[in-house]
Amino acid sequence: VQLQAYGGGLVQAGDSLRLACAASGRTFRNDAWAWFRQATGKERECVGHISWSGKITYETDSVKGRFTISRDNAKNTVYLQMNSLKPEDTAVYYCAAATRRAGWGTSSESDYEFWGQGTLVTVSS
């Protein structure tokens with residue numbers, strides 16, 4: 001099983017990026033996905049998660065209204081649309097999948113068994 005995250009890059013403040021995380025090796029249509037991020041020198045934090053049914057919870061207040069999580073079960077892929085990016089959004093972004101939570105996501109890293117390799121997002125001011 002492999003999760004491949006991509007779409008990161010260097011952008012200016014106010015720009016948009018869309019991250020994607022494609023899974024291979026098994027289907028995650030009945031499972032929860034999450035996006036986490038880790039800035040240099042800081043702990044990894046949960047940006048938000050999406051349940052098997054599409055219910056989305058954003059765990060980081062600063063992204064509410066700017067970031068959107070979505071999923072495409074047919075493509076076995078989860079997305080993170082990031083708008084109005086700020087320098088403080090600079091981080092490595094990770095996707096994760098939880099298969100033992102009956103399809104419901106949480107903000108806890110330990111609930112996610114599968115992780116992508118991370119993709120770097122750098123926002124310049």
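Quick look at the structure, then.

Thresholds, definitions, all that
Residues numbered from 1 in each chain as written. Predicted model: local features only at pLDDT ≥ 70, side-chain atom pairs only at ≥ 80, totals over all residues. Heavy atoms only, no water. Pairing = 2+ DSSP bridges. Helix = DSSP H or I, 4+ residues; strand = E, 2+ residues; numbered from the N terminus. Salt bridge = Lys/Arg side-chain N within 4 Å of Asp/Glu carboxyl O. Buried < 20%, exposed > 50% of the residue type's maximum accessible area, 1.4 Å probe, protein only. Phe/Tyr/Trp six-rings, centres within 6.5 Å; stacked < 30°, edge-to-face > 60°. Lys NZ or Arg CZ within 6 Å of the ring centre and 35° of its normal. Contact = heavy atoms within 4.5 Å.

## A short note on the pairing of strand E3 (residues 17-24)
Item 1. Across 5 bridges, strand E1 (residues 2-6) lies against E3 in antiparallel orientation. Considered in E3, the bridge of Tyr 6 is made with Ala 20.
Item 2. Where E3 and strand E8 (residues 77-82) come together, 6 bridges link them in antiparallel fashion. Looking across to E8, one finds that Leu 19 is bridged to Leu 80.

## Brief notes about the pattern of salt bridges
Item 1. Applying the stated criterion to the full structure yields 7 salt bridges.
Item 2. For Asp 89, the salt bridge identified is with Arg 66, shortest N-O distance 2.8 Å. Placement of the pair is Asp 89 in the loop between E8 and strand E9 (91-98) and Arg 66 in the loop between strand E6 (56-58) and strand E7 (67-72), with a sequence separation of 23 residues. Residue Asp 89 shares its accessibility class with Arg 66, and that shared class is buried.
Item 3. One salt-bridge network, in which partners are shared between bridges, spans Arg 37, Glu 45, Arg 66 and Asp 89.

## So, the packing of aromatic side chains
Describing an aromatic ring pair means giving the distance of the ring centres and the angle of the ring planes.
Item 1. Summed over all chains, the structure comprises 5 aromatic pairs.
Item 2. When the ring of Phe 28 is compared with that of Trp 33, the centres are 5.3 Å apart and the planes differ by 55 degrees; the resulting orientation is tilted. Here the two residues Phe 28 and Trp 33 agree in accessibility, since each one is buried.
Item 3. When the ring of Phe 36 is compared with that of Trp 115, the centres are 4.9 Å apart and the planes differ by 45 degrees; the resulting orientation is tilted. With Phe 36 in strand E4 (residues 32-38) and Trp 115 in strand E10 (residues 114-115), the pair connects residues that are 79 residues apart, well separated along the chain.
Item 4. Looking at Trp 115, the relative accessible area reads 25%, which means it is partly exposed.
Item 5. Taken together through their ring pairs, the aromatic side chains of Phe 28, Trp 33 and Phe 114 make up a single cluster.
Item 6. Positioned over the ring face of Tyr 94 is Arg 44, at 4.7 Å from the centre of the ring.

## Some points on the environment of Arg 44
Item 1. By secondary structure assignment, the location of Arg 44 is in the loop between E4 and strand E5 (45-50).
Item 2. For Arg 44, a relative accessible area of 25% corresponds to the partly exposed category.
Item 3. Ignoring any residue separated from it by four or fewer positions in sequence, one finds Arg 44 in contact with Phe 36, Arg 37, Gln 38, Tyr 94, Glu 109 and Trp 115.

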